[in-house]
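Descriptive structure summary
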Amino acid sequence: MNNERSRKVLIVSASIGTGHMQAARAIEEYWKEKEPQASITHVDFLDTETMSVEHLIKGTYIKMIDVFPMLYDMIYRVSKGEKRGTIMQTALSYLLKSRMLKLVQQEEPDVMVFTHPFPCGAASILKRQGHIDVPLVAIMTDFSSHQFWLYPQIDTYYVATESMVDEMVAAGIDKSRIHVSGIPVRRSFFRDAIEEYILEKPVKVLVMGGGLGLGSLETALKHLDEVNGIDEITVVAGQNTSLYESLVTLSESMRTKTIVYGYTTNISELMKSSSLLVTKPGALTCMEAVTIGLPMVFFNAIPGQEEANAELLEQRGCARWARDIHNLEDVVTALLINSPRLQQMSERAREWHVDGAANIVNSLIAILDAETPVELVKAEQSIS
């Protein structure tokens, strides 16, 4: 790295849900702390209100998850296969490559970091065709790999678990390019982490459906309202304005005190003050709760990656999964009458949490400066 000028880092995410965006912000935040002289630019690759290919892709993707989850499940599982997945990922990448080329020409970065596979694929196609020659870094923000992320042109991968390494090596990715780092979360979640979990009164349950406000939040609230022992419910509707209004109306008829938020930036504080998180199992939300040390109950997992997330977190003892939303009341009740079980879940979470942002940024700086790779904040084998 030429030390006579600041390093130019381009972080590219996509606002399909907030998880990819929050992972990017976590990297941006830590890199600015670690290397203040660097020029860090974070771009939402699909941020457009115009009727464009990008807008159409984003809208179709979100609508499919919300309204046609089984169709999404079918596409997700089919595209995990190497042959069909390659066809789909190549088609998407070609649709987006012109926009990506303009971005690279405008920013002229020294390195590009991706937290979503769509822009990552577009850059990979450009690199394969010789239009760009920039180190490409992929940060995978789930607990399982997917064909949409896999390109020979990616120089470095950062993944959440050791099992993902095996999946990617089996798919043909060189193991030397894959680093187990954990998923990056923002500094506020470390600041607000609890030291010891104690189920105290009042019992507060935090309910989340992701940044897009998907996942049958109204149905979940109605079931939680039937649970004896909950003193207060806080629900976050995210960026879904119509859902926010519906939840406010519903809260007025509920017997349990219920506070409704739209989009909010104080999730770490809400988690810290809660007894239990009831949520869709988006990987970023899960790792934020793991970092705080907050027990979780999952509902309405999106077929595919969220089901994999829920299964992993349940296996690790950090969460319970209500596979049928109509069982949500029973699952939550069973936990609230068993405070030692909740305390154990919190302990398992805090044993597992790892500073993904620090691991990734420290590793990348060392790689870019051609130094010996630095030791990770927490041993890789601890997040297998």
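Note that the structure is a prediction, hence the values are computed from the model and not measured.

In this section: the sheet that holds strand E2 (residues 39-44). Pairing within the open sheet is parallel, and its six strands lie in the order E2-E1-E3-E4-E5-E6. The outermost strands of the open sheet, each flanked by one partner alone, are E2 and strand E6 (178-180). Direction aside, the axes of adjacent strands within the sheet are offset by 20 degrees on average. Taken together, the three bridges between strand E3 (residues 111-114) and strand E4 (residues 136-139) define a ladder with parallel strand orientation. By the bridge assignment, Val113 is partnered in E4 with Val137. Sitting on the sheet, helix H5 (residues 117-128) is in contact with strand E1 (8-13), E3 and E4, with an inclination near 155 degrees to E4.

One open sheet accounts for six strands, arranged E9-E8-E7-E10-E11-E12; its pairing is parallel. In this open sheet, the two strands that pair with only one neighbour each are strand E9 (257-261) and strand E12 (319-321). Pairs of neighbouring strands in the sheet enclose a mean axial angle of 20 degrees, with direction left out of account. Two strands pair when backbone bridges link them, and strand E8 (residues 232-236) and E9 are joined in this way by five bridges, in the parallel orientation. What sits directly across from Glu232, in E9, is Lys257.

Moving on: the pattern of salt bridges. The tally for this structure, following the rule as stated, stands at 13 salt bridges. Linking Arg186 and Glu29 is a salt bridge whose minimum nitrogen-to-oxygen distance equals 3.7 Å. Of this pair, Arg186 sits in the loop between E6 and helix H7 (187-191) while Glu29 sits in helix H1 (residues 19-34), and the two are 157 residues apart along the sequence. The class of Arg186 is partly exposed, set by a relative accessible area of 26%. Among the residues examined, Glu29 registers a relative accessible area of 23% and is labelled partly exposed. The salt bridge involving Lys201 is made with Asp231; its shortest N-O contact spans 3.5 Å. Taken together, the positions of Lys201 in the loop between H7 and strand E7 (204-208) and Asp231 in the loop between helix H8 (217-224) and E8 put the pair 30 residues apart, joining distant regions of the chain.

When two helices pack together, their arrangement is given by the angle between the helix axes and the distance between those axes. Where H8 contacts helix H9 (residues 241-251), the two axes come as close as 10 Å, and the packing angle between them is 20 degrees. Looking at the two axes, H8 sits roughly parallel to H9. Helix-helix and strand crossings are classified by hand; for H8 and H9 the assignment is right-handed. Contact with H8, carried on its side by Leu217, Glu218, Leu221 and Lys222, involves Leu243, Ser246, Leu247 and Leu250 of H9 and no other residues of that element.

Turning our eyes to something else, we now look at the pairing of strand E5 (residues 156-159). Of the two faces of E5, both are covered, the one formed by Thr156 and Tyr158 as well as the one formed by Tyr157 and Val159. Sheet topology places E4 next to E5; three bridges connect them, and they run parallel. Each residue of the ladder has a partner; that of Ile139, found in E5, is Tyr158. Of the pairings in the sheet, the one linking E5 to E6 comprises three bridges and is parallel in character. Across the sheet, residue Tyr158 finds its bridge partner in E6, namely His179. Viewed along the sheet, the connection from E5 through helix H6 (residues 162-170) into E6 turns out right-handed.

The rules behind the values
- Residues numbered from 1 in each chain as written.
- Predicted model: local features only at pLDDT ≥ 70, side-chain atom pairs only at ≥ 80, totals over all residues.
- Heavy atoms only, no water.
- Pairing = 2+ DSSP bridges.
- Helix = DSSP H or I, 4+ residues; strand = E, 2+ residues; numbered from the N terminus.
- Axes fitted to C-alpha atoms, helices over the stretch in contact; angles between N-to-C directions.
- Contact = heavy atoms within 4.5 Å.
- Salt bridge = Lys/Arg side-chain N within 4 Å of Asp/Glu carboxyl O.
- Buried < 20%, exposed > 50% of the residue type's maximum accessible area, 1.4 Å probe, protein only.
- Parallel < 35°, antiparallel > 145°, perpendicular 65-115°, else oblique.
- Left-handed = near helix turned anticlockwise from the far one by under 90°.
- Right-handed = clockwise from strand over helix to strand, strands pointing away.

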